[in-house]
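# Descriptive analysis of the structure
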Amino acid sequence: MNTSALVVMLGTMLLVTGLMIYFFMRVLNTPPKPEPDSYLDNDDEPERQVKP
Amino acid sequence: MSANKESWGSRVGLILAMAGNAVGLGNFLRFPVQAVQNGGGAFIIPYLVCFLVMGIPLLWIEWSMGRFGGKFGHHSTPFIVDTMHKNRLWKYIGVFGIWTNIAVASYYCYLESWTLSYVMHSLAGTFSGLDQDGVAAFFNEYVSIGKSTLGIPFEPIVFFVLCLLLNTWILSQGLAKGVERVAKIGMPLLIVFGAFLAYKGFTVEQGVDGAISDSATGLNFLWTPNFDELWSPTVWLAAAGQIFFTLSVGMGTVHCYASYVRSKDDIALNAMSAGWMNEFVEVVLGSSILIPISIGYLGIDRVVELVQMGGLGLGFKTLPYLFFQWGDVLGAVAGFMWFGLLFFAGITSSLAMGTPWIGFLQDEFNWRRKPAAWSFGLIVLILGMPTVLFFKYGVFDEYDYWAGTVSLVVFALFETILFAWVFGMNKGWREITSGADIQVPYIYKYIIKFVTPLLLLWVFVGSLVTPKGGDWAKAFAGDWVLDDSSIINKIKNVSLKRQLAEATDPAVIQQLQDTLFFVNASRILLVAVFLSIAALVYVAYKKRVREGRI
């Protein structure tokens, strides 16, 4: 490949892949909000139950 | 009381469903063709700029509008926008958010059914012994509902109905158990299939399996920047247009999905995550398959000729032939993966198109999920049959142009004005940042208020009065002749009428006259559907007044 094409391609692909991974990791690593939240799957987890 | 008590299963599921909504066939078929036609590597600069100043703002606008409407129990755009301002007319603008989805689903499900059929034909080895013309002829015969290779009578209709049944059944299972589950399976598989094909795209070697050039030739062709093109409004218009189609904004699906998010939960990070996931699939995977493989085996000149037919031509008429250059087994596997990834890209989008209608019926008329889903399937079947039966008369393209192209820009323009200027940017900003898990850059407050609406206005006006050949310099110099692709000339059927005036062969004249009839009939049908939905919105409004809900 010629240099300019290689620079544009790698620069773009690394930027886009990097940002995709960064934001997805932020989602995975952010603790969920207290119940009741928007999501059903974690509703039964004992530590997420609303204290009376 | 609304019958709508649905929720998402998990945050990752919501993001995958939202990314699946955005990722469509255009990521693999439209983006590389647009890039090739608009300056190669230099296209990416306007493309990314448009993503930053138009795509991301629109995502945040739609996510926050959806979540805001959801707070009042609304899950479709007519009543979501109705909550944002007291003027009663806004809800009729919101009709776009249901109409677009029904109209697009009607032809999109047909397109999706091709991918399902081609998965089966790839595995059955249908393309194994065919040359390139044979594969192209297979496609032409398929869409003209010619003889079936597998002995299935009316094969395209059978696959269309099958595809619709599958969509409807999944929709009837609900958000978490239907749509989200498909996204959780489909998106990872799509990325795996895409990664395999991208690897093949990067490793084409001259002289091996009949390749006439290395991958580098195709990648150079796609990525070598032509910076002169950066100053062309046509390139910027194409980049802005691509951002629209790729993110599925201006449709009402993002609003609908986001309306099931509670007001304390994040939308800012979710929107960024889903948006960049779509960009990854488009820019990284989408650019590494179609063009490098096609150029490797066919050469630049032939591919330049083929891209004039658009990505569909390359994807369906050429790639199946090229895959079988790798041998029967790898050809079948690659065909399965290519059409499989297109199918997953398609179904995650078509499922999203069903949810606003279902949400509307549940909210306004207390329908249960299942009958609402089946009513969507029935409407799409009725509205989609003309695209199947009269494909050669341009019905498919007509749906795509008005519902899948023009209406997206119109609705996005209206919703941006509503959000930033009518609802108010201060309230809008609070909606975007409320519960946010990331710091939203403050500059976006001004981008959303000024830059995004102006850009959208420019895209709309640019499409309305596109000058001939996209020559803006000549147009601004005073010689403004409209291009046949401009909205005004499209409405007037200028291109068809010119072809009709120039035709001498009676068969061609008859074909063009029939096309003109079907084109106009399609438009009348689409307008009738829009008016019918608007009438339903009116009935729902009256019902709300009677019940004291307004």
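Residues numbered from 1 in each chain as written. Chains lettered and ligands numbered in written order. Predicted model: local features only at pLDDT ≥ 70, side-chain atom pairs only at ≥ 80, totals over all residues. Heavy atoms only, no water.

### Comments concerning the overall build of chain B
To keep things clear, this is the line we draw: Helix and strand definitions here come from DSSP, where helices need a minimum of 4 consecutive H or I residues and strands a minimum of 2 consecutive E residues; each element is numbered from the N-terminal end. Computation of the radius of gyration draws on C-alpha atoms alone. For the globule rule, the value is 2.2 Å times the number of residues to the power 0.38. Buried, partly exposed and exposed residues are distinguished by accessible area as a fraction of the type maximum, computed with a 1.4 Å probe on protein chains only: under 20%, between the cut-offs, and over 50%, respectively. Whether two residues are in contact is decided by their heavy atoms: any pair within 4.5 Å suffices. Only the protein chains shown count as cover for residues, and the accessible areas themselves come from Shrake-Rupley with a 1.4 Å probe. The charge count includes Lys and Arg as positive and Asp and Glu as negative, but it does not include His or the ends of the chains. In plain terms, the charge of a residue is placed at NZ if it is Lys, CZ if Arg, CG if Asp and CD if Glu.
For chain B, the count of helices and strands is 26 helices and 0 strands. For chain B, the C-alpha radius of gyration of 23 Å lies close to 24 Å, the compact-globule estimate for 550 residues. Oriented by its inertia axes, the alpha-carbon framework of chain B measures out at about 70 × 55 × 50 Å. In chain B, which comprises 550 residues, the share counted as buried stands at 63%. Looking at chain B alone, contacts between residues at least 24 apart form 80% of all its contacts between residues at least 6 apart. For chain B, the computed accessible surface area is about 19700 Å², with 65% contributed by carbon and sulfur atoms. For chain B, the distance from the average position of its 37 positive side-chain charges to the average position of its 37 negative side-chain charges is 16 Å.

### Observations concerning the packing of aromatic side chains
Ring pairs (aromatic) are described by centroid distance and by the angle formed between their planes. Residue and element names in this part refer to chain B. Rules: Here a pair means two rings of Phe, Tyr or Trp (six-membered ring of Trp) with centres within 6.5 Å. Their orientation is stacked below 30 degrees between planes, edge-to-face above 60, and tilted elsewhere.
Applying the stated criterion to the full structure yields 50 aromatic pairs over all chains. Their ring planes at 10° and their centres at 5.8 Å tell us that tryptophan 114 and phenylalanine 396 sit as a pair that is stacked. Here phenylalanine 396 lies in helix H20 (residues 395-422) and tryptophan 114 lies in helix H7 (residues 96-124), a separation of 282 residues in the sequence. The pair formed by tryptophan 114 and phenylalanine 396 is uniform in burial state, with each residue classed as buried. Ring centres 5.3 Å apart and planes at 65° place the aromatic pair phenylalanine 391 and phenylalanine 396 in the edge-to-face group. In terms of burial, phenylalanine 391 and phenylalanine 396 fall into one category: buried.

### Here we look at empty space enclosed by the protein
All names here are of chain B. For clarity, the threshold we go by: Here a cavity means grid points, on a 1 Å grid over the protein atoms only, where a 1.4 Å probe fits yet cannot get out; a pocket means an open set of points with protein on both sides within 12 Å along at least five of seven lines; lining residues are those with an atom within 4 Å of a point. Grid points are joined across faces, edges and corners, and a volume is the space filled by probe spheres set on the points. Gly falls in the polar group here, along with every residue not listed as nonpolar (Ala, Val, Leu, Ile, Met, Phe, Trp, Tyr, Cys, Pro) or charged (Asp, Glu, Lys, Arg).
Per the stated rule, a full pass over the model turns up 2 cavities of 30 Å³ or more. Taken as a whole, the largest cavity holds about 50 Å³ of empty space. In this structure, the largest cavity is lined by Phe31, Ala35, Gly40, Gly41, Phe43, Ile44, Leu222, Trp223 and Ser287. Contributions of two or more residues to the lining of the largest cavity are made by helix H3 (31-37) and helix H11 (215-223). Approximately 40 Å³ is the volume attributed to the second largest cavity. Considering the residues around the second largest cavity, the lining is formed by Met18, Ala19, Asn21, Ala22, Leu59, Leu247, Val254, Ala274 and Gly275. Contributing elements (two or more residues each) for the lining of the second largest cavity: helix H1 (11-22) and helix H14 (268-285). Looking at the lining of the second largest cavity, the element that brings in the most residues is H1, giving 4 residues. Taken together, the residues of the lining of the second largest cavity break down into 7 nonpolar, 2 polar and no charged.

### Structural notes on the nonpolar core
Grouped burial of nonpolar side chains is what soluble globular proteins tend to show. Where we set the bar: As used here, the term nonpolar core means buried Ala, Val, Leu, Ile, Met, Phe, Trp, Tyr and Cys residues forming a set that is joined through side-chain atoms within 4.5 Å.
Ranked by internal contacts, the top residues of the largest apolar core, which has 202 residues, are B:Phe28, B:Trp60, B:Trp114, B:Trp223 and B:Trp338. The dominant element in this core, judged by the number of residues it contributes, is helix H18 (residues 328-365) of chain B, at 18 residues. Apart from residues lying up to four places away in sequence, B:Trp223 is in contact with A:Ala5, A:Val8, A:Met9, A:Thr12, A:Met13, B:Gly41, B:Ile44, B:Val283 and B:Ser287. Core analysis: the second largest hydrophobic core is formed by 5 residues, B:Leu496, B:Ala503, B:Leu512 and B:Leu516 among them.

### Things to note about helix H1 (residues 3-29) of chain A
As a reminder of what qualifies: Residue count minus one, scaled by 1.5 Å, sets the expected span of a helix.
A rise of 1.5 Å per residue sets the reference length of H1(A), with its 27 residues, at 39 Å; its end C-alpha atoms lie 38 Å apart and thus fit the reference within 8%. Of the positions making up H1(A), those classed as buried are A:Ala5, A:Val8, A:Met9, A:Thr12, A:Met13, A:Val16, A:Met20, A:Phe23, A:Phe24 and A:Val27. Among the structural elements, H1, helix H4 (44-71), helix H10 (175-202), H11 and H14 of chain B are those in contact with the buried residues of H1(A).

### Description of the interface of chain B and chain A
Applicable threshold: Using a 1.4 Å probe, buried area is obtained as the accessible area two parts lose upon being combined, added over both of them. We define a salt bridge as a side-chain nitrogen of Lys or Arg found within 4 Å of a carboxyl oxygen belonging to Asp or Glu.
Each partner contributes to the interface: chain B provides 41 residues, whereas chain A provides 28 residues. Both sides together, the interface formed by chain B and chain A hides about 3100 Å², and carbon and sulfur atoms give 70% of it. When the buried surface of chain B facing chain A is broken down by residue, B:Trp223, B:Lys264 and B:Trp276 rank first, second and third, together holding 19% of it. For the pair chain B and chain A, the interface holds 2 salt bridges.

### Let's talk about a positive patch on the surface
Threshold: Patches draw on residues past 30% relative accessible area with no salt bridge. Two like charges within 9 Å are joined, as are two nonpolar side chains (Val, Leu, Ile, Met, Phe, Trp, Tyr) within 5 Å.
Together, B:Lys177, B:Arg181, B:Arg368 and B:Lys370 make up a positively charged patch on the protein surface. Within the secondary structure, B:Lys370 is located in helix H19 (residues 369-389).

### Some details on the environment of B:Ser349
Residue and element names in this part refer to chain B. With respect to the helices, strands and loops of the structure, serine 349 is situated in helix H18. For serine 349, a relative accessible area of 4% corresponds to the buried category. For the pair formed by serine 349 and valine 527, sequence separation is 178 residues and the distance between their alpha carbons is 23 Å.

### Section: the environment of B:Val158
Residues and elements named next belong to chain B. As for its placement among the helices and strands, valine 158 is situated in helix H9 (residues 155-172). For valine 158, a relative accessible area of 32% translates into the label partly exposed. Separated by 69 residues in the primary sequence, valine 158 and phenylalanine 227 have C-alpha atoms spaced 48 Å apart. If near-sequence neighbours (up to four positions away) are discounted, valine 158 is found in contact with Ile152 and Pro153.

### Points about the confidence of the model for chain B
Selection criterion: Along the chain, pLDDT gives the predictor's confidence residue by residue, from 0 to 100.
Per-residue confidence for chain B averages 93 on the pLDDT scale, and 99% of its residues sit at or above 70. With pTM at 0.94, the complex prediction returns an ipTM value of 0.93.

### Digging into the environment of A:Pro34
With respect to the helices and strands, A:Pro34 occurs in the segment after H1. With 14 residues separating them along the chain, A:Pro34 and A:Arg48 place their C-alpha atoms 6.7 Å apart. Ignoring anything within four residues of it in the chain, the contact list for A:Pro34 reads A:Arg48 and B:Lys264.

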